[in-house]
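Below are the chains, spelled out letter by letter.
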Amino acid sequence: MLIDLHCHTRPLSACSALEPLELARLAAERGLDGICLTEHDRAWAPDELEALRAAAPIAIFHAVELTTDLGHILAFGLPAAAFSASAREVAAAAVEAGALLFLAHPARDGLLRVTRETVEFFVSVEAANGSDSRLQNIAAAGLAKGFRLPGIGGSDAHTAGEVGRAATRFAGRPTSDADLLEALRSGAYEALLLD
């Protein structure tokens, strides 16, 4: 199953030009089996998310991209009440909730954001980001080798042209956010650049 694990839509991500169903349609046209909505510092309301899932042509999952003092974090399974700008607080909440944290686009802006805290707080990094350069993705993939789990892939889509540039291929077929969390925890996946 091929899932784009890093997507943004409006109105929850003000920087995105994509409507959620438009994103799902484009992702399906480009051969993806699912997308994960990772809005900036905001969570979808459960009823809105269920309505979107019912109308979408592919599977829709939900996580968040948090802006923290250690950079952007892709958090899977983290309750909205635990969202924070402190990576240390997010990491503590993730342990308590059984959530998984991945450092997003770790080589962007020429920085390799890997420290003792990074390795301690995150299970891995985003190893393939469709909005980063080839060299940034090579560096990120190299960083992923130092973590507990393989790196993940996502397009970081904010516009139609960015949809489906990168994704994560899973051995199984997750159907819910809980399934996706377990699939990530298993490590049975690989990050791919598609475009």
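Let me sum up the structure you'll find in this document. (Residues numbered from 1 in each chain as written. Predicted model: local features only at pLDDT ≥ 70, side-chain atom pairs only at ≥ 80, totals over all residues. Heavy atoms only, no water.)

For the rest of this paragraph, the subject is helix 1 (residues 20–29). Among all positions in helix 1, only Pro-20, Leu-23, Ala-24, Leu-26 and Ala-27 are buried. In a view along the axis of helix 1, the buried residues occupy a sector of 165 degrees, so they form one face of it. Its buried side turned inward, helix 1 meets strand 1 (2–7), strand 2 (34–40), helix 2 (46–55) and strand 3 (59–68). Looking at the residues trailing helix 1, positive phi occurs at Gly-31, about 90 degrees. (Buried < 20%, exposed > 50% of the residue type's maximum accessible area, 1.4 Å probe, protein only. Helix = DSSP H or I, 4+ residues; strand = E, 2+ residues; numbered from the N terminus. Arc of directions from axis to C-beta. Contact = heavy atoms within 4.5 Å.)

Next up on the list: the sheet that holds strand 5 (residues 100–103). One open sheet holds the nine strands; their spatial order is 7-6-5-4-3-2-1-8-9, and the pairing between them is mixed. Across the chains shown, the open sheet's two edge strands, defined by having one partner strand only, are strand 7 (152–154) and strand 9 (189–193). Taken over all neighbouring pairs, the strand axes of this sheet differ in orientation by 35 degrees on average, direction set aside. As paired strands, strand 1 and strand 8 (residues 166–170) are joined by two bridges and run antiparallel to one another. What sits directly across from Leu-2, in strand 8, is Arg-169. Along the sheet, helix 1 contacts strand 1, strand 2 and strand 3; its crossing angle with strand 2, the most-contacted strand, is approximately 140 degrees. Packed on one face of the sheet, helix 2 meets strand 2 and strand 3 and runs near 135 degrees to strand 3. (Pairing = 2+ DSSP bridges. Axes fitted to C-alpha atoms, helices over the stretch in contact; angles between N-to-C directions.)

Next up on the list: the pattern of salt bridges. Pairing between side chains becomes possible if they bear opposite charge and their charged atoms approach one another. As enumerated under the stated definition, the model contains eight salt bridges in all. Of the charged contacts in the structure, one is a salt bridge between Arg-108 and Asp-156, with a shortest N-O distance of 3.0 Å. Of this pair, Arg-108 sits in the loop between strand 5 and helix 4 (116–121) while Asp-156 sits in the loop between strand 7 and strand 8, placing them 48 residues apart in sequence. Since its relative accessible area comes to 3%, Asp-156 is described here as buried. Across the pair Arg-169 and Glu-190 runs a salt bridge, and its minimum N-O distance is 3.1 Å. You can see Arg-169 sitting in strand 8 and its partner Glu-190 sitting in strand 9, a full 21 residues away along the chain. When salt bridges with common partners are traced through the structure, they connect Glu-50, Arg-53 and Asp-177 into a single cluster. (Salt bridge = Lys/Arg side-chain N within 4 Å of Asp/Glu carboxyl O.)

A few words now on the environment of Arg-173. With respect to the element layout, Arg-173 can be found in the loop between strand 8 and helix 6 (177–186). For the pair Arg-173 and Glu-65, spaced 108 residues apart in the sequence, the C-alpha separation amounts to 23 Å. Setting aside chain neighbours within four positions, we find Arg-173 in contact with Met-1 and Asp-33.

Right, let's get into the layout of surface pockets. Roughly 220 Å³ of volume is contained in the largest pocket. Every residue lining the largest pocket is counted, 15 residues in all, and those nearest its centre are His-62, Ala-63, Gly-77, Leu-78 and Asp-177. Within the residue set of the lining of the largest pocket, elements represented by two or more residues are strand 3, strand 4 (71–76) and helix 6. The element best represented in the lining of the largest pocket is helix 6, accounting for four residues. Of the residues in the lining of the largest pocket, the class split is 12 nonpolar, two polar and one charged. (1 Å grid on protein atoms, 1.4 Å probe; cavity = no way out; pocket = protein on both sides within 12 Å on 5 of 7 lines; lining within 4 Å. Points joined across faces, edges and corners; volume = space filled by probe spheres on them. Nonpolar A, V, L, I, M, F, W, Y, C, P; charged D, E, K, R; others polar.)

A few words on the pairing of strand 3. The buried fraction of strand 3 is high, at eight of 10 residues. Each parallel crossover has a hand, and for strand 2 linked through helix 2 to strand 3 it is right-handed. Here strand 3 runs beside strand 4; their pairing, made up of five bridges, is antiparallel. From the neighbouring strand, Thr-67 faces strand 4, where its bridge partner is His-72. (Right-handed = clockwise from strand over helix to strand, strands pointing away.)

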